[in-house]
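Each chain, written out:
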Amino acid sequence: TRTPAPDMAGVVAALESAMANGAPGAMARYVGPDGPRGRAVGVRDRESGTAMDTRARFRIGSVSKTFSSVVLLQLVEEGRLKLDTPVNTYLEGLLPDDRITVRHLLTHRSGLADYTDAMFNETVPGFEAVRNRVFSYQELVDLSLAEPRTTEPGAAYAYSNTNFVVVGMLIEKLTGRPVAEAYQRRIIKPLGLRATAYVHPDTRIKGTHVRGYLHPDEAGAPLVDSTQQTVSWAQSAGAVISSPADLNTFTSALMRGRLLSPATLEAMTTVTPTDGTNTRFYGLGLRRYDLSCGTRVYGHTGTVQGYYTYAFSTRDGRRSLSALANTSNHGAANTALGGTLEAAFCGKRPA
Ligand SMILES: C[C@@H](NC(=O)[C@@H](C)NC(=O)CCCC[C@H](NC(=O)C[NH3+])C(=O)[O-])C(=O)O
């Protein structure tokens with residue numbers, strides 16, 4: 001079937017809806033057979049009123065999980081570890097259950113509790129308590145292990161940041177180097193992602209960037225500028241900084257087989273349902289959304305204080321979309337931003 005042209009007016013409508021639902025600004029960048037198309041609405045800085053800019057950098061949150069998954073899967077290809085081997089084989093004594101395997105981490109089926117639920121139960125106090133803190137991986141794992149597990153290993157999907165903190169530990173144990181180096185050598189440099197970086201624990205976003213604004217839990221309370229933070233509470237589960245163009249390049253290159261072998265990519269995109277809607281799925285550090293027009297898109301979403309992100313590509317890598325709204329803790333804005341996917345990949349509805 002012919003590739004539908006993107007409905008860029010529909011993309012703009014979704015961005016404006018994100019603004020109407022509390023985001024100071026929003027932007028999207030689509031790349032297809034006819035080249036890139038960028039759209040931006042509102043501001044990237046409320047103080048100065050500077051307009052949102054599709055060249056600006058921002059925190060991508062859990063899209064970082066796909067970066068971490070790619071690195072770990074490259075290590076699997078190099079024979080450094082196996083997906084169905086217990087994590088404790090590589091990180092002796094870390095987890096209380098030898099049945100938890102590497103695959104359980106990448107598919108969110110380990111049962112390890114997500115420490116961020118308690119950490120951010122009260123959104124702004126929780127954020128202020130950690131925004132300048134530096135955690136070790138072990139401290140984050142300990143926070144998780146202090147809570148009951150959510151499922152028997154492998155029994156059910158239960159999203160948990162802890163899984164990708166352990167993925168970061170595995171990468172550093174097996175390479176003997178910081179994850180930052182693995183991202184740089186294995187993804188950022190080969191793909192030329194000049195706006196992408198892992199700077200943990202530095203709190204700054206260098207260069208032209210989007211300021212993020214966190215909605216407090218109290219309705220009507222003023223937004224909190226959450227731009228500066230270590231993101232040490234997430235690290236390999238959420239601390240990468242990137243840009244719309246770099247995310248288009250990353251998701252497209254991943255799907256085109258530039259980072260993993262066809263067999264590994266096939267395994268990565270082999271999914272199970274995450275909810276009852278039967279339109280949302282999870283593979284190995286990768287989400288699959290099945291859109292209303294039948295198009296399946298692969299990538300990840302991100303939520304970090306002040307930033308909602310979507311970064312998806314078609315399975316052939318020929319079409320990709322990245323989208324950002326500079327707010328969070330405000331579900332209506334996130335849902336609105338998600339409307340860019342249907343507009344971009346399904347295009348104009350048939351008249
Ligand atoms: C869901 C998303 N996950 C991520 O991106 C990871 C890194 N973020 C989280 O787990 C959310 C932490 C709290 C955010 C805070 N919320 C609260 O504090 C709620 N009390 C906020 O919204 O900024 C994904 O995988 O798509």
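The rules behind each value
- Residues numbered from 1 in each chain as written.
- Predicted model: local features only at pLDDT ≥ 70, side-chain atom pairs only at ≥ 80, totals over all residues.
- Heavy atoms only, no water.
- Helix = DSSP H or I, 4+ residues; strand = E, 2+ residues; numbered from the N terminus.
- Rg over C-alpha atoms; globule rule 2.2 N^0.38 Å.
- Buried < 20%, exposed > 50% of the residue type's maximum accessible area, 1.4 Å probe, protein only.
- Contact = heavy atoms within 4.5 Å.
- Areas by Shrake-Rupley, 256 points an atom, 1.4 Å probe, with all protein chains shown as cover.
- Lys, Arg positive; Asp, Glu negative; His and termini not counted.
- Charge placed at Lys NZ, Arg CZ, Asp CG, Glu CD.
- Pairing = 2+ DSSP bridges.
- Axes fitted to C-alpha atoms, helices over the stretch in contact; angles between N-to-C directions.
- Arc of directions from axis to C-beta.
- Expected span 1.5 Å × (residues − 1).
- Disulfide = S-S within 2.5 Å.

The subject of this paragraph is the overall build of the protein chain. Within the protein chain, the regular secondary structure consists of 12 helices and 14 strands. In terms of C-alpha radius of gyration, the protein chain reaches 19 Å, essentially the compact-globule figure of 20 Å for 351 residues. Projecting the C-alpha coordinates of the protein chain onto the three principal axes gives extents of approximately 55 × 50 × 40 Å. Of all 351 residues assigned to the protein chain, the portion counted as buried reaches 59%. Contacts in the protein chain between residues far apart in sequence, at least 24 positions, make up 69% of those at least 6 positions apart. About 13800 Å² of surface is accessible on the protein chain, with carbon and sulfur atoms providing 49% of the total. Across the protein chain, the 38 positively charged side chains and the 32 negatively charged ones have centroids separated by 9 Å.

Cis geometry marks the peptide bond from His200 to Pro201; its omega dihedral reads 5°. The backbone of Gln235 shows a phi angle near 50°, a positive value even though the residue is not glycine. Structurally, Gln235 can be placed in the loop between β6 (224–225) and β7 (241–242). In this structure Gln235 comes out as buried when scored by relative accessible area, which is 5%.

Turning next to the sheet that holds strand β11 (residues 296–304). Judged by pairing direction, the sheet is antiparallel, and its nine strands sit side by side in the order β3-β2-β1-β13-β12-β11-β10-β9-β8 without closing on themselves. Two strands lie at the open edges of the sheet, namely β3 (50–51) and β8 (272–273), each paired on one side alone. Across six bridges, the pairing between strand β12 (residues 307–314) and strand β13 (residues 320–325) is antiparallel. By the bridge assignment for β13, Tyr310 is matched with Ala323. In the packing of helix α1 (residues 8–20) onto the sheet, the strands contacted are β1 (25–32), β2 (35–45) and β13, and the crossing angle to β2 comes to about 20°.

Turning next to the sheet that holds strand β5 (residues 213–214). Read from one edge of the open sheet, three strands run β6-β5-β14, paired in mixed fashion. For this open sheet the edge positions go to β6 and β14 (327–328), each flanked by a neighbour on one side alone. By the bridge criterion, two bridges tie β5 to β6 in an arrangement that is antiparallel. Across the sheet, residue Leu214 finds its bridge partner in β6, namely Val224.

A few words now on helix α6 (residues 123–130). For α6, the set of buried residues is Thr123, Val124, Gly126, Phe127 and Val130. On an axial view of α6, the arc spanned by its buried residues comes to 160°, and they lie on one face. Contacts made by the buried residues of α6 are with α5 (116–119), β5 and β6.

Attention now moves to helix α10 (residues 244–255). Along its 12 residues, α10 runs 17 Å from first to last C-alpha, staying within 8% of the 16 Å computed at 1.5 Å per residue. α10 sits mainly inside the fold: 10 of its 12 residues count as buried. Considered for burial, the residues of α10 that qualify are Pro244, Asp246, Leu247, Asn248, Phe250, Thr251, Ser252, Ala253, Leu254 and Met255. Among the residues trailing α10, Gly257 stands out with phi positive, at a value near 80°.

On strand β10 (residues 287–290), burial covers both faces: Arg287 and Tyr289 on one face and Arg288 and Asp290 on the other are all buried. Looking at chain direction, strand β9 (residues 280–282) and β10 are connected through three bridges and run antiparallel. Note on β10: the bridge partner recorded for Arg280 is Tyr289. Hairpin connection of β9 to β10: four residues between the antiparallel strands, including Gly285 at a positive phi of 65°. One ladder, built from four bridges, connects β10 with β11; its direction is antiparallel. Bridging across to β11, Arg287 finds its partner in Gly299.

This part takes up the state of the cysteines. Summed over the entire model, instances satisfying the criterion amount to one disulfide. Two residues share a disulfide in this structure: Cys293 and Cys346, whose sulfurs sit 1.9 Å from each other. On the sign convention where negative means left-handed, the S-S torsion of about -70° between Cys293 and Cys346 marks this disulfide as left-handed. On the criterion of sequence distance, the pair formed by Cys293 in the loop between β10 and β11 and Cys346 in helix α12 (residues 331–346) is long-range, its members being 53 residues apart.

Purely geometric numbers; function is a separate question.
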